[in-house]
Amino acid sequence: MRASRALLAAFALAVVLDLACLAVGFRTGHAAAKVLLMPLLAASAARAGAPRLLVAALLCGWGGDVLLLSDADPAFMAGMASFAAGHVCYLVLFRRQGPPHARARLLALVYAAALVTLVALLWPDLPAGLRVPVAGYSTLLTAMAYTAVTRLGPAAGLGGALFMLSDTLIATGVADWPQLPRPDFWIMLTYAAAQFLLVRGTLDARPAPATAYREVRSTTP
């Protein structure tokens, strides 16, 4: 556990450095810090006993992070595919956590409405070649976020929602919508928080280890 906490602290430090570089416009520093984030978080999760699918999802995110450092269109498509693979890992993992809770149907309507509204608004302003890929990716991302909140609970649910927000900020930039000042700062802030919360929610949802037999006191007279 000590190694896991040290790696998590290193992840937090890398996030702070990345956000600081983005705040002052130091792109080289941002690139250097960004590529450290998911490997550190994945290593921390692995040391804490995380399922392999969780580590795989984080490493897919790392692949997307690296690819999106390039402004080339093929790199953007490959980065989106890498993140999509990560969402598939998350989906499979989350669906193993048991049945959805009682509010799942209501939340399904909420997430579906958010997906349809976002895609409908973005569609006219997206480059023609990106419309279908973005719509497909958004559907997968929304399914991941919905499954996180209905199978794991509030922490993972917030992580899924922040992932949706982060990628929505990217999509609005691709669609050439008006942006917040320093848009990459907000993208990375919500993204780093999203991945951390998905990890935290997954680890918290693990069943408690069985008590060793020798530690169990018999209540039999």
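The structure under discussion appears in the preceding block.
Attention here is on the structure that accompanies the text. Given the structure is predicted, the values throughout are model-derived calculations rather than measurements.

A separate point is the packing of helix α4 (residues 73–95) against helix α8 (residues 183–204). Two quantities define a packed helix pair, namely the angle between the axes and the distance from one axis to the other. Contact geometry for α4 and α8: axes closest at 12 Å, N-to-C directions at 25°. Comparing their axes, α8 and α4 come out roughly parallel. The element α4 and its partner α8 pack so that their crossing is left-handed. Residue-level contacts link F83, Y90, L93 and F94 of α4 to Y191, Q195, L198 and T202 of α8.

With that out of the way, let us pick up the pattern of salt bridges. Taken as a whole and assessed by the stated rule, the structure comprises two salt bridges. Measuring nitrogen to oxygen at the nearest pair gives 3.1 Å for the salt bridge that ties R27 to D184. Separated by 157 residues along the polypeptide, R27 in helix α2 (residues 27–47) and D184 in helix α8 bring together distant segments of the chain. Classification of D184 as partly exposed rests on a relative accessible area of 30%.

With that settled, consider the state of the cysteines. With the rule as written, the count across this model stands at zero disulfides. We note that C89 lacks a disulfide partner, and the nearest cysteine sulfur, in C60, lies 4.7 Å from it.

Let us look at a nonpolar patch on the surface. Nonpolar side chains collect at one region of the surface, where L59, W62 and V66 lie side by side and expose about 250 Å² of accessible area between them. Along the chain, the position of W62 falls in helix α3 (residues 52–67).

Reading the values: the criteria
- Residues numbered from 1 in each chain as written.
- Predicted model: local features only at pLDDT ≥ 70, side-chain atom pairs only at ≥ 80, totals over all residues.
- Heavy atoms only, no water.
- Axes fitted to C-alpha atoms, helices over the stretch in contact; angles between N-to-C directions.
- Helix = DSSP H or I, 4+ residues; strand = E, 2+ residues; numbered from the N terminus.
- Parallel < 35°, antiparallel > 145°, perpendicular 65-115°, else oblique.
- Left-handed = near helix turned anticlockwise from the far one by under 90°.
- Contact = heavy atoms within 4.5 Å.
- Salt bridge = Lys/Arg side-chain N within 4 Å of Asp/Glu carboxyl O.
- Buried < 20%, exposed > 50% of the residue type's maximum accessible area, 1.4 Å probe, protein only.
- Disulfide = S-S within 2.5 Å.
- Patch = residues over 30% accessible without salt bridge, like charges linked within 9 Å, V, L, I, M, F, W, Y side chains within 5 Å.
- Areas by Shrake-Rupley, 256 points an atom, 1.4 Å probe, with all protein chains shown as cover.

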